Amino acid sequence: GVFNINVSNINVTEKIIKMIPSVGQRIWSEYMPEGRCDVAVTCNVKDKKINCDAIIDLRDMEFLCSQWQFPIFGTHGKIEYSGNNLYFRDVKGYMVTGMLTNGKKLSTPHFALDGLVDITAPSCTLTFEMPNLIVGEPLVRKIPGIGERLWETFKPRGRVDVRTEYLINGVSKSPEFYTE
């Protein structure tokens with residue numbers, strides 16, 4: 001049979017995330033999601049096997065990604081889980097790039113994220129866009145893998161529109177970047 005579960009306005013915390021079977025601990029350690037969301041789950045039970053799909057409607061989420069040193073906040077959009085895939089649909093938010101002397105967050109203009117991640121294999125295709133990004137030392141130095149060298153060599157400053165495709169195929173775990 002088929003059954004549906006719909007929960008509105010969930011207060012997402014570490015405890016809630018870690019309760020997700022098989023992937024909760026990994027989600028918490030890699031992304032540390034907190035905030036509010038709505039969740040709709042559809043489960044199909046057949047021959048003692050359960051297959052579930054979910055739609056997560058992000059309402060005001062924060063993330064701190066283990067491989068990206070900038071907290072993400074004010075995030076809205078949809079994440080859909082089907083099979084072994086996560087689909088990011090029109091996810092928008094802001095990145096904290098520093099703190100002002102009055103304690104307020106210095107943040108980027110909004111960003112947009114769309115794409116697909118296979119959670120069972122090192123495979124993903126993500127498109128990331130951020131218009132009118134202010135570039136300077138605090139931001140550049142924190143870019144994983146190349147930030148320090150990029151700053152020391154070029155010292156880039158100014159504003160830039162960013163559109164990047166992040167690809168990881170199932171064979172190589174090395175990401176490929178395409179930027180316009």
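Residues numbered from 1 in each chain as written. Predicted model: local features only at pLDDT ≥ 70, side-chain atom pairs only at ≥ 80, totals over all residues. Heavy atoms only, no water.

**A look at the overall build of the protein chain**
Then comes step 1: In terms of regular secondary structure, the protein chain is built from four helices and ten strands.
Then comes step 2: Element order for the protein chain, N to C, with α for helix and β for strand: β-α-α-β-β-β-β-β-β-β-α-α-β-β.
Then comes step 3: Judged by the C-alpha coordinates and their principal axes, the protein chain covers about 60 × 45 × 25 Å.
Then comes step 4: Contacts in the protein chain between residues far apart in sequence, at least 24 positions, make up 43% of those at least 6 positions apart.
Then comes step 5: Roughly 11,700 Å² of accessible area belongs to the protein chain as shown, and the carbon and sulfur atoms make up 56% of that amount. (Helix = DSSP H or I, 4+ residues; strand = E, 2+ residues; numbered from the N terminus. Contact = heavy atoms within 4.5 Å. Areas by Shrake-Rupley, 256 points an atom, 1.4 Å probe, with all protein chains shown as cover.)

**Examining a nonpolar patch on the surface**
Then comes step 1: A contiguous nonpolar patch, built from Phe3, Ile5, Val7, Val45 and Ile50 and spanning about 390 Å² of accessible area, is present on the exposed surface.
Then comes step 2: A per-element tally of the nonpolar patch places strand 1 (residues 2–12) first, with three residues.
Then comes step 3: Relative to the assigned elements, Phe3 resides in strand 1.
Then comes step 4: When its relative accessible area of 36% is taken as the criterion, Phe3 is described as partly exposed. (Patch = residues over 30% accessible without salt bridge, like charges linked within 9 Å, V, L, I, M, F, W, Y side chains within 5 Å. Salt bridge = Lys/Arg side-chain N within 4 Å of Asp/Glu carboxyl O. Buried < 20%, exposed > 50% of the residue type's maximum accessible area, 1.4 Å probe, protein only.)

**Considerations on the pattern of salt bridges**
Then comes step 1: This structure, assessed with the given rule, holds twelve salt bridges.
Then comes step 2: One salt bridge in this structure joins Arg26 and Glu30, with 3.5 Å as the shortest N-O distance. Here Arg26 pairs with Glu30, and both are found in helix 2 (residues 24–31), just four residues apart, close to one helical turn.
Then comes step 3: Residue Glu165 is joined to Arg163 by a salt bridge in which the shortest nitrogen-to-oxygen separation is 3.5 Å.
Then comes step 4: Take Glu165: its relative accessible area is 27%, and that puts it in the partly exposed class.
Then comes step 5: Each of Glu137, Arg141, Glu148, Glu152 and Lys155 takes part in one network of salt bridges that share partners.

**Points about the side chain of Thr75**
Then comes step 1: Mapped onto the elements of the fold, Thr75 is located in strand 4 (residues 72–82).
Then comes step 2: When sequence neighbours within four positions are dropped, the list of residues in contact with Thr75 reads Leu58, Arg59, Asp60, Met61, Phe63, Val91, Lys92 and Gly93.

**Some points on the confidence of the model for the protein chain**
Then comes step 1: Within the protein chain, residue pLDDT values average 86, and 94% of them lie at 70 or more.
Then comes step 2: Least confident of the elements in the protein chain is strand 10 (residues 176–179), whose mean pLDDT is 50; most confident is strand 1, at 96. (pLDDT = per-residue confidence, 0-100.)

**A look at the side chain of Asp38**
Then comes step 1: Looking at where Asp38 falls in the secondary structure, it is placed in strand 2 (residues 34–46).
Then comes step 2: At 3.4 Å, the side chain of Asp38 forms a polar contact with the side chain of Arg59.
Then comes step 3: Aside from chain neighbours lying at most four places away, what touches Asp38 is Val7, Ser8, Asn9, Ile55, Ile56, Asp57 and Arg59. (Polar contact = N/O pair within 3.5 Å; in protein donor to acceptor, adjacent residues only side chain to side chain.)

**Section: the state of the cysteines**
Then comes step 1: Under the defined criterion, the tally for this structure stands at one disulfide.
Then comes step 2: Between Cys43 and Cys52 runs a disulfide, and the two sulfur atoms are separated by 2.3 Å. Sign of the S-S torsion, about 105° for the bond between Cys43 and Cys52, identifies this disulfide as right-handed.
Then comes step 3: Residue classification places Cys52 among the partly exposed residues on the basis of a relative accessible area of 29%.
Then comes step 4: With no disulfide partner, Cys37 has as its closest neighbouring cysteine sulfur the one in Cys65, 16 Å distant.
Then comes step 5: Cys124 supplies the cysteine sulfur nearest to Cys65, a cysteine that is in no disulfide, at a spacing of 12 Å. (Disulfide = S-S within 2.5 Å.)

**Quick look at the environment of Phe63**
Then comes step 1: Topologically, Phe63 is positioned in strand 3 (residues 49–63).
Then comes step 2: Spatially, the C-alpha atom of Phe63 lies 6.5 Å from that of Phe73, the residues being ten residues apart in sequence.

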